[in-house]
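Observations on the model geometry
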Amino acid sequence: MSVIKIKDATIFTMVEGEAPYEGDLLIQDSRIASIGPSIAEEAEELLDGRGMLAIPGLVNAHQHSPMSLLRAFSDDLKLMDWLERKMLPAENRMTPEDIYWGAKLGIAEMIKSGTTAFADMYIHMNEIAEAVKEAGIRASLTRGVIGLEDDGGRRMAEAADLIDRWHGQADGRITTMVGPHAPYTCPPHFMKEALALAKDKRVPVHTHLAETVEETAKIREKYNCTPTEYLADTGLLAHDHVLLAHGVHLTPEDVKLLRGLKGGVAHNPVSNLKLSCGIAPVAELLKQGTAVGLGTDGAGSATTLDMFEEIKAAAWLQKLRSGNPASFTAGEVLAMATAGGAELLGLRAEIGTLEAGKKADIILIDLRKPHLQPVHRAESLLAYSVGGADVDTTIVNGRILMQGRRLLTMDEEEILRETAVRARRITAGI
């Protein structure tokens with residue numbers, strides 16, 4: 001049994017109603033054994049928490065990790081130009097090995113900026129799963145499937161194979177979902193086929209919803225309904241667990257349709273802002289009890305996988321949208337980045353707060369910096385001042401993945417060399 005003790009840290013459990021306090025945290029194997037003002041028990045490894053803020057690891061509830069290879073490749077374009085002129089041609093050149101290295105680059109960035117779990121949707125998911133397994137991070141993996149042309153069932157078979165091969169693997173760190181891409185790329189029969197697979201495998205569904213005005217117009221023209229109504233008509237919203245990415249263009253009636261949803265909505269504010277998609281009605285969703293988490297989307301659109309950027313953007317957008325600076329608090333947006341994301345990944349019982357018995361997914365933030373002093377309210381610093389580069393230590397499943405800003409399970413220099421060469425090749429001439 002491995003035992004790690006974090007001593008004399010400022011601990012912010014994110015448990016509702018609990019304020020930050022000075023204390024210790026004891027990790028035994030993969031779980032938090034005890035947490036409190038003072039722990040006498042000795043440990044094999046002692047982490048000095050003085051000047052550090054210990055919080056639950058951040059949960060990135062929606063992204064496409066290999067798109068880190070396309071960071072800053074296609075910016076300042078309209079969405080369809082960005083997608084059709086730049087992203088798709090480059091992605092079509094990606095080999096499985098490219099995707100493996102792109103995922104490693106994204107995972108390295110996430111670990112270094114405090115993300116301990118993420119939900120991913122892409123292709124060649126076996127390569128991404130291998131990268132997750134090696135790095136030690138936690139992930140919910142989805143093979144994105146599109147139903148616009150007949151591929152003889154290949155994509156759906158790959159989705160099923162991912163679940164069979166990887167669900168529960170890597171010491172339980174890997175879980176899986178079924179991923180019909182979006183209403184506008186999945187006709188009703190195909191969406192129902194994906195739902196049937198999810199029911200058969202007893203896993204959640206992960207899909208995009210109402211990200212753009214163009215999408216809503218397409219669905220209205222073809223089916224005379226909104227994308228949300230479309231999903232309701234296929235039966236998908238009644239599934240045991242559904243992760244809906246974006247949810248930007250929701251009518252008041254759409255919001256009501258999501259009341260009682262098992263799962264929730266992944267809000268991706270930076271990507272939505274950068275592509276001028278719009279502002280999701282987060283406050284309305286939360287008010288009616290619909291779970292909302294935060295995601296970065298892919299680095300090809302958001303440019304960054306730093307969840308602290310999403311935290312800031314989410315808070316600012318909802319304050320602006322409401323016209324009330326008190327309407328969306330630091331505590332609310334931090335809950336979205338931790339417990340909210342855990343709920344979306346179906347892991348709320350295991351991660352998202354620091355509590356004895358839960359998985360030891362923990363980050364330590366170094367507060368001994370000019371932009372993080374003085375400490376009047378830790379939650380305000382976390383929401384409005386902290387950046388990913390302030391994360392000193394990242395722990396997942398009781399294993400230290402980064403300490404003192406140094407990655408311990410990944411060769412950072414090798415990743416940078418490999419991805420630089422691959423990124424040049426797949427984007428050349430586009």
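Residues numbered from 1 in each chain as written. Predicted model: local features only at pLDDT ≥ 70, side-chain atom pairs only at ≥ 80, totals over all residues. Heavy atoms only, no water.

In the nomenclature of an unreviewed UniProt entry, the protein chain is known as 5-methylthioadenosine/S-adenosylhomocysteine deaminase of Paenibacillus enshidis. Check the Function (unreviewed entry) section of the UniProt entry for the protein chain; it says "Catalyzes the deamination of 5-methylthioadenosine and S-adenosyl-L-homocysteine into 5-methylthioinosine and S-inosyl-L-homocysteine, respectively. Is also able to deaminate adenosine." Annotation of the protein chain in UniProt includes, under Sequence similarities (unreviewed entry), the sentence "Belongs to the metallo-dependent hydrolases superfamily. MTA/SAH deaminase family." (UniProt positions renumbered as here; feature names shortened; annotations may be inferred.)

One finds I107, I365 and L382 to be the most contacted residues of the largest nonpolar core, which totals 106 residues. A per-element tally of this core places helix α2 (residues 96-112) first, with nine residues. Non-local contacts of I107, meaning those with residues more than four positions away in its chain, are made with F118, A131, V132, A135, I137 and M410. Membership of the second largest hydrophobic core comes to 16 residues, among which are I6, A54, A360 and L364. (Core = buried A, V, L, I, M, F, W, Y, C linked by side-chain atoms within 4.5 Å. Buried < 20%, exposed > 50% of the residue type's maximum accessible area, 1.4 Å probe, protein only. Helix = DSSP H or I, 4+ residues; strand = E, 2+ residues; numbered from the N terminus. Contact = heavy atoms within 4.5 Å.)

Here the focus is helix α5 (residues 188-201). Counted at 1.5 Å a residue, the expected span for α5 with its 14 residues is 20 Å, and the 20 Å between its end C-alpha atoms agrees. Within α5 the residues assigned to the buried category are F190, M191, A194, L195, L197 and A198. Buried residues of α5, viewed axially, fall in a sector of 155 degrees; they line one side. Of the exposed residues in α5, the ones pointing more than 90 degrees away from its buried face are H189, K199 and D200. As for α5, its buried residues are in contact with β8 (138-145), α4 (154-166), β9 (174-180), β10 (205-209) and α7 (227-234). R202, located one to two residues past α5, shows a positive phi value of around 60 degrees. (Expected span 1.5 Å × (residues − 1). Arc of directions from axis to C-beta.)

Scanning all chains against the criterion turns up 24 salt bridges. Across the salt bridge formed by K274 and D75, the nearest N and O atoms sit 2.4 Å from each other. Here D75 lies in the loop between β6 (58-63) and α1 (79-92) and K274 lies in helix α9 (residues 269-274), a separation of 199 residues in the sequence. The class of K274 is partly exposed, set by a relative accessible area of 35%. A salt bridge links R85 to D81; the shortest N-O distance between them is 3.9 Å. One end of the pair is R85 and the other is D81, both in helix α1 and four residues apart, which spans about a single turn. On the basis of relative accessible area, R85 is assigned to the partly exposed category, the value being 48%. (Salt bridge = Lys/Arg side-chain N within 4 Å of Asp/Glu carboxyl O.)

Before going further, it helps to spend a moment on the UniProt feature "binding site: substrate" (unreviewed entry) in the protein chain. What UniProt calls "binding site: substrate" (unreviewed entry) maps, in this numbering, to E91, R143, R154, H181, E211 and D297. These annotated residues cover 207 residues of sequence, and their C-alpha atoms sit far apart, with the largest distance between any two at 26.5 Å. Restricting the annotated residues just mentioned to those that line the largest pocket leaves E91, R143, R154, H181, E211 and D297. By the secondary structure assignment, R143 is in strand β8. For R143, a relative accessible area of 6% gives the class buried. (1 Å grid on protein atoms, 1.4 Å probe; cavity = no way out; pocket = protein on both sides within 12 Å on 5 of 7 lines; lining within 4 Å.)

One pass over the structure, following the stated rule, counts one cavity of 30 Å³ or more. There is about 40 Å³ of room inside the largest cavity. As for the largest cavity, its lining consists of S74, D75, D76, L77, W82, K274, L275 and S301. Its residues placed into classes, the lining of the largest cavity shows three nonpolar, two polar and three charged. (Points joined across faces, edges and corners; volume = space filled by probe spheres on them. Nonpolar A, V, L, I, M, F, W, Y, C, P; charged D, E, K, R; others polar.)

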